[in-house]
Number of protein chains: 2
Amino acid sequence: MEKDFEYIELFELYKELLTEKQREIFSSHYLYDLSLSEIAEPDGFSRQSVYDAIKKVKSKLTEYETKLRLYEKFSALDSLAEEQSEDVKARIREIIGK
Amino acid sequence: MEKDFEYIELFELYKELLTEKQREIFSSHYLYDLSLSEIAEPDGFSRQSVYDAIKKVKSKLTEYETKLRLYEKFSALDSLAEEQSEDVKARIREIIGK
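Given the structure is predicted, the values throughout are model-derived calculations rather than measurements.

Along chain A, the regular secondary structure elements total 6 helices and 0 strands. In terms of C-alpha radius of gyration, chain A reaches 16 Å, well past the compact-globule figure of 13 Å for 98 residues. For chain A, the C-alpha atoms occupy an extent of roughly 55 × 25 × 25 Å along the three principal directions. A buried classification covers 37% of the 98 residues belonging to chain A.

Here is the structure:
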């Protein structure tokens, strides 16, 4: 579960770099909690193909984080924001979208 | 020139998303100031192919900024950092890599 939570955080940061179909499949499974079969059936895909697509999205998300380290940077900024005045905290969080 | 400067800033932010060859061509032209012919000749490419490759890199950089807005976000954080104490300023700049 811990691991899934991490992918959801990465998805929020990098979803614009994914294709529309990849966003749709990932959201259906992780945000709307649909099963692989529930995602596959309406489009006539196999459960395995949905599994593979999600695996690919997770691999892309990990690759983006390795390359850009936005989760790491924004987490560090969020911790720093926590120590600042309410005004500065709010401004930092607005910029990083927290 | 203004425009080239912007691409150099975007390149620093997104270069990890480019291929090694794209990074090499862009750096040769914009950071090491080689002409298109100078970049093309050693590898036996045409001047036009180097021009096209640079154009493609610029288009990718613009696309990444449209999608992730890191230049916009890091610039806003840099301005905010400017108003803070030396310690906070230094910490913010270290996180965003300025």
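Moving on from the coordinates now.
In this section: the packing of aromatic side chains. One pass over the full model with this rule turns up 6 aromatic pairs over all chains. With a centroid separation of 5.7 Å and an interplanar angle of 40°, the aromatic rings of Tyr14 of chain A and Tyr64 of chain A are classed as tilted. In this pair, Tyr14 of chain A sits in helix 1 (residues 2-14) while Tyr64 of chain A sits in helix 4 (residues 47-68), placing the two residues 50 residues apart along the sequence. For Tyr14 of chain A, a relative accessible area of 0% corresponds to the buried category. Relative to Tyr30 of chain B, the ring of Phe26 of chain B has its centre 4.6 Å away and its plane inclined at 35°; by these criteria the two rings are tilted. Highlighted residues: Phe26 of chain B and Tyr30 of chain B, both in helix 2 (residues 20-31), separated by 4 residues, approximately one helical turn. Accessibility assignment for this pair places Phe26 of chain B and Tyr30 of chain B in one class, buried. Through pairs of rings, three or more aromatic residues link up here, namely Phe11, Phe26 and Tyr30 of chain A.

So, on to unusual backbone geometry. Most peptide bonds are trans, and most residues other than glycine sit at a negative phi. Residue and element names in this part refer to chain A. Phi is positive for Arg69, close to 50°, though the residue is something other than glycine. With respect to the helices and strands, Arg69 occurs in the loop between helix 4 and helix 5 (70-82). Exposure remark for Arg69: the relative accessible area of 36% places this residue in the partly exposed category.

Here the focus is the relation of the copies chain B and chain A. Note on the identical chains: chain B maps onto chain A by a rotation of 180° and an axial translation of 0.0 Å, with an RMSD of 0.0 Å. Taken together, these values place the two copies in the relation of a two-fold axis. A share of 100% of the interface residues of chain B reappears at the interface of chain A, consistent with the copies meeting face to face through the same patch.

For the rest of this paragraph, the subject is helix 4 of chain A. Note on helix geometry: an α-helix contains 3.6 residues per turn, so any two residues three or four positions apart are oriented the same way. A rise of 1.5 Å per residue sets the reference length of helix 4 of chain A, with its 22 residues, at 32 Å; its end C-alpha atoms lie 32 Å apart and thus fit the reference within 8%. Where helix 4 of chain A terminates, the next one or two residues include Arg69 of chain A, which has phi positive at roughly 50°.

Okay, the nonpolar core next. In terms of nonpolar packing, the biggest core is built from 55 residues, with Tyr14, Leu61, Leu77 and Ile92 of chain A together with Leu61, Leu77 and Ile92 of chain B touching the most fellow members. Not counting the four nearest positions on each side in its chain, Leu77 of chain B is found in contact with Leu77, Ile92, Ile95 and Ile96 of chain A together with Ile92 and Ile96 of chain B.

Take the pattern of salt bridges next. Residue and element names in this part refer to chain A. As enumerated under the stated definition, the model contains 24 salt bridges over all chains in all. Residues Arg93 and Asp78 are paired through a salt bridge, measuring 2.7 Å at the closest nitrogen-oxygen approach. Of this pair, Arg93 sits in helix 6 (residues 86-96) while Asp78 is found in helix 5, placing the two residues 15 residues apart along the sequence. Taking relative accessible area as the criterion, Arg93 reaches 22% and is therefore assigned partly exposed.

As a further point, take the packing of helix 2 of chain B against helix 3 (residues 36-43) of chain B. When two helices pack together, their arrangement is given by the angle between their axes and by how far apart the axes lie. Residue and element names in this part refer to chain B. Two elements in contact, helix 2 and helix 3, have axes whose closest approach is 9 Å; the angle formed by their N-to-C orientations is 135°. Taken together, the axes of helix 2 and helix 3 lie oblique to each other. Considering how the two elements wind past one another, helix 2 and helix 3 form a crossing that is right-handed. Across from Lys21, Ile25, Ser28 and His29 in helix 2, the residues of helix 3 making contact are Leu36, Ile39 and Asp43. In terms of residue class, the contact of helix 2 with helix 3 is made up of 3 nonpolar, 2 polar and 2 charged.

Residue and element names in this part refer to chain A. Residues Leu31, Tyr32 and Leu34 make up a contiguous nonpolar surface patch of roughly 300 Å² in combined accessible area. With respect to the helices and strands, Leu31 occurs in helix 2 (residues 20-31). Classification of Leu31 as partly exposed rests on a relative accessible area of 36%.

About the cut-offs
- Residues numbered from 1 in each chain as written.
- Chains lettered and ligands numbered in written order.
- Predicted model: local features only at pLDDT ≥ 70, side-chain atom pairs only at ≥ 80, totals over all residues.
- Heavy atoms only, no water.
- Helix = DSSP H or I, 4+ residues; strand = E, 2+ residues; numbered from the N terminus.
- Rg over C-alpha atoms; globule rule 2.2 N^0.38 Å.
- Buried < 20%, exposed > 50% of the residue type's maximum accessible area, 1.4 Å probe, protein only.
- Phe/Tyr/Trp six-rings, centres within 6.5 Å; stacked < 30°, edge-to-face > 60°.
- Least-squares fit on C-alpha atoms with pLDDT ≥ 70 in both.
- Contact = heavy atoms within 4.5 Å.
- Expected span 1.5 Å × (residues − 1).
- Core = buried A, V, L, I, M, F, W, Y, C linked by side-chain atoms within 4.5 Å.
- Salt bridge = Lys/Arg side-chain N within 4 Å of Asp/Glu carboxyl O.
- Axes fitted to C-alpha atoms, helices over the stretch in contact; angles between N-to-C directions.
- Parallel < 35°, antiparallel > 145°, perpendicular 65-115°, else oblique.
- Left-handed = near helix turned anticlockwise from the far one by under 90°.
- Nonpolar A, V, L, I, M, F, W, Y, C, P; charged D, E, K, R; others polar.
- Patch = residues over 30% accessible without salt bridge, like charges linked within 9 Å, V, L, I, M, F, W, Y side chains within 5 Å.
- Areas by Shrake-Rupley, 256 points an atom, 1.4 Å probe, with all protein chains shown as cover.

Remember, this is a structural readout, not a statement about activity or role.
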